[in-house]
Structures are given as structure tokens and as C-alpha cells.
Amino acid sequence: SAEAYDGLGNVLAEQRRMSEAIAAYRRAIQIDPKNATAYSGLGNALAQQKRSEEAISAYRRAIQVNPEQMLAYTGLGNIFVEQRKYTDAIALYEKALKAPEKTEQTQTLALIGLGRALHAQGRRNDAIAVYEKATQTTPDYAWTYIYYGHSLVAESRFDEANQQYQTALKLPLDRKMKVGNSHAIAHNGLGLVLQRQGKVKDAIAQFEKAIELDLSYEAAHNNLDRAKQLLAEQSKPRILSKRG
């Protein structure tokens, strides 16, 4: 059954067993070469392994088989964002959002991708509006609040950004996206907000929490080092110059 192998691929992908997931999706496609969802799943798994060109081929095949395959448009858009092809990515997300067969979850993923592409183009207020819509579509999805917070920080709307990161931290930890651990990234974002507000000690505590959750989180390590340097500079006694 192609559907059974497709489902198996989804379960294996959820468990981050990507090589096995890829094998399951390929078996589904072998049984039914017109199974668009299996091609989309294959594209997602290949993208997780950073095999971008293979993933692009899988997504394009999914769209060829079913031009209304929303997940394929979204997945392809995500790769184009990574490749800085933002205009092409936006067009794909818009196609995904127009697809008649969509769930709240798939719509939210397309909205997040669209927001990321708009933010990267410098259209941060447009991105903020998209993220607001995404929070209304799926209120319990942590990544929406995280990216929402990022755009608010870029607009120096720190109190609002703080609120978005805090909301993400109240939701269950999510490791589904390639970027990593949702709680670690929310703590890191919160640390940046606090540092911009001059609360360096509180920022350091947030960066340390991020690292505790994800020891490999390079950005949090770098932010922690910079925050400690800033705190050390602030703690230096000021020497007043004597005149006359």
C-alpha cells in the first residue's frame, strides 16, 4: 500500500529518522508514482538532510502530479528562502495559501514561510500582519510566535516581542523545524530583547537557559559571550579626567 508507506514515512520523519523516512517515501512512490503527498514528504525529509537539489526535484514532481499539493509549494518556498530567492518563495507561499485542500496546520506553515520571506525583504510590517493571521489560524503553534517576535524586535517593538516569546515558552517544546528547539530559540530571542532594553543580567540568564536546552546552539553561545563582555564593560569603574 502506497498510503501505508507514506504514513510510515511521516511517522519516521516525526521521529527524525530521516534516512528511513526517505526509504519509506521512495517505496510509496515506487508503488504509486502519482502519490503527490509521498513526493512532498520525500522533499521534506531530503530538505531536513540539507539535500536541497534532490528536495527541489521531489517538490516539483509533487506539483506536477497534483498542482494543488500545498505542502510541496510550502516546502519549495522554504528552500528558496534559504537560497535568498525571496520573490520566488513569496509566489510559492501565495499559491499554497490559495490551494483548496488545506488544513489549519498547512495554512499556518505557509503563512510562517511567507512571513519569513517578507521579513527578509525588509517588509517587516507586512510580515507582522501575516504572523498575526497565523496566530489566529493556529493559536497553539510555537514557531509562529517566535518568528513574530523576531519581526517585532527588528521594529524595536520590544514589549510586544517579549510577549510573543513568552507565549512560545508556554507552549509545548517543538523540535520539528530545522532551526532547532523552540524553547531554546524563544529564550534566545527573549535575551536579545532584554539586552536591547538594557537589562543585561536578565539577558544573560535567558541565553544560559537557551544553551542549557540546546548545547549546540551557536547563536546563543555568541550572544552570551557578547552580553558578558557588555556587562564587564558596564562594571568597569569610570575614571574622571582632571582639568586645570
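Look up a bit, the structure's there.
The residue count restarts for each chain, going from 1 along the sequence in the order it is written. Note on the predicted model: pLDDT of at least 70 is required for a residue's local features to be given, and 80 or more for side-chain atom pairs to be given and counted; whole-chain, interface and lining totals, by contrast, use all residues. The side-chain numbers reported here are obtained from all heavy atoms of the structure, hydrogens and water having been left aside.

Peer 1: Outline the overall build of the chain, listing residues and values.
Peer 2: Scanning the chain for helices and strands turns up 13 helices and 0 strands. In this description a helix means any DSSP run of H or I spanning at least four residues, a strand means any run of E spanning at least two, and both kinds are numbered starting from the N terminus. Reading the secondary structure of the chain in the N-to-C direction produces α-α-α-α-α-α-α-α-α-α-α-α-α. C-alpha extents for the chain along the principal axes are approximately 90 × 35 × 30 Å. Averaging the coordinates of the 33 positive side-chain charges in the chain and doing the same for the 27 negative ones gives two points 6 Å apart. In this tally, Asp and Glu contribute negative charge and Lys and Arg positive charge; neither His nor the terminal groups of the chain are included. By convention, the point assigned to a charge is CZ for Arg, NZ for Lys, CD for Glu and CG for Asp.

Peer 1: Just give me the short version of the packing of aromatic side chains, but keep the residues and values in it.
Peer 2: Stacked, edge-to-face and tilted labels apply to pairs of Phe, Tyr and Trp rings (six-membered ring for Trp) whose centres lie within 6.5 Å, assigned for plane angles under 30 degrees, over 60, and everything in between, in that order. Taken as a whole, this structure holds 2 aromatic pairs when the rule is applied. Centre to centre, the rings of tyrosine 131 and tyrosine 148 are 6.2 Å apart; their planes meet at 35°, and the pair counts as tilted. Taken together, the positions of tyrosine 131 in helix 8 (residues 124-137) and tyrosine 148 in helix 9 (residues 142-154) put the pair 17 residues apart, joining distant regions of the chain. Of the two residues examined, tyrosine 131 and tyrosine 148, each falls in the buried class. Taking 6.5 Å as the distance between ring centres and 35° as the angle between the ring planes, the aromatic pair formed by tryptophan 143 and tyrosine 147 counts as tilted. Taken together, the residues span about one helical turn, with tryptophan 143 and tyrosine 147 both in helix 9 at a distance of 4 residues. The same class applies to tryptophan 143 as to tyrosine 147, namely buried. Buried residues are those whose accessible area, probed at 1.4 Å on protein chains only, stays under 20% of the maximum for their type, while exposed residues exceed 50% and partly exposed ones sit between those limits.

Peer 1: Residues and numbers for helix 11 (residues 182-196), please.
Peer 2: Residues separated by three or four positions in an α-helix point in the same direction, a consequence of the helix having 3.6 residues per turn. Between the first and last residue of a helix there are one fewer steps than residues, each counted as 1.5 Å, and that sum is the expected span. Over its 15 residues, helix 11 runs 21 Å from end to end, which matches the ideal 21 Å to within 8%, given 1.5 Å per residue. Within helix 11, 12 of the 15 residues are buried, leaving the element largely enclosed by the surrounding structure. Every buried residue of helix 11 is accounted for by Ser182, His183, Ala184, Ile185, Ala186, His187, Asn188, Gly189, Leu190, Gly191, Val193 and Leu194. On its buried side, helix 11 packs onto helix 9, helix 10 (158-170), helix 12 (200-213) and helix 13 (218-235). We call two N or O atoms a polar contact when they sit within 3.5 Å, provided that within protein one can donate a hydrogen and the other can accept it, with sequence-adjacent residues counted only if both atoms are side-chain atoms. Where helix 11 begins, the side chain of asparagine 181 points an oxygen toward the backbone nitrogen of histidine 183, at a separation of 2.9 Å. Looking one or two residues past helix 11, glycine 198 carries a phi angle of roughly 85°, positive in sign. Any two residues whose heavy atoms approach within 4.5 Å are treated as being in contact.

Peer 1: Give a detailed account of the packing of helix 5 (residues 70-82) against helix 7 (residues 104-120), specifying residues and quantitative values.
Peer 2: The axes used here are C-alpha line fits, helices contributing only the stretch in contact, and every angle between their N-to-C directions lies in the interval 0 to 180 degrees. It is at 10 Å that the axes of helix 5 and helix 7 come closest, and there the two elements cross at 25°. Here helix 5 is positioned roughly parallel relative to helix 7, judged by the angle of their axes. Like other packed secondary-structure pairs, helix 5 and helix 7 cross with a definite hand, here left-handed. Contacts between helix 5 and helix 7 involve Met70, Leu71, Thr74, Asn78 and Val81 from the first element and Thr106, Gln107, Leu109, Ala110, Gly113, Arg116 and Ala117 from the second. Residues that form the contact of helix 5 with helix 7 fall into these classes: 6 nonpolar, 5 polar and 1 charged. Geometric relationships in this document are graded by angle, where less than 35 degrees denotes roughly parallel, more than 145 denotes roughly antiparallel, 65 to 115 denotes roughly perpendicular, and other angles denote oblique. The hand of a helix crossing depends on one turn: near helix anticlockwise from the far one by less than a right angle means left-handed, and clockwise means right-handed. Residues were grouped as follows: Ala, Val, Leu, Ile, Met, Phe, Trp, Tyr, Cys and Pro as nonpolar; Asp, Glu, Lys and Arg as charged; and all remaining residues, including Gly, as polar.

Peer 1: Describe in detail the nonpolar core, supporting the description with residues and values.
Peer 2: Among the nonpolar cores identified, the biggest contains 77 residues, and Leu42, Tyr59, Leu76 and Trp143 are the most heavily contacted of them. Looking at which element gives the most residues to this core, the answer is helix 9, with 8 residues. Only buried residues count toward a nonpolar core, which is a set of Ala, Val, Leu, Ile, Met, Phe, Trp, Tyr and Cys residues joined through side-chain atoms within 4.5 Å.

Peer 1: Would you mind going over unusual backbone geometry in detail, with residue names and values included?
Peer 2: Residues other than glycine seldom take positive phi values, yet arginine 16 does so here, at roughly 60°. What makes arginine 16 partly exposed here is its relative accessible area of 42%. One non-glycine residue, arginine 84, adopts positive backbone phi at about 65°. Mapped onto the secondary structure, arginine 84 falls in the loop between helix 5 and helix 6 (86-98).

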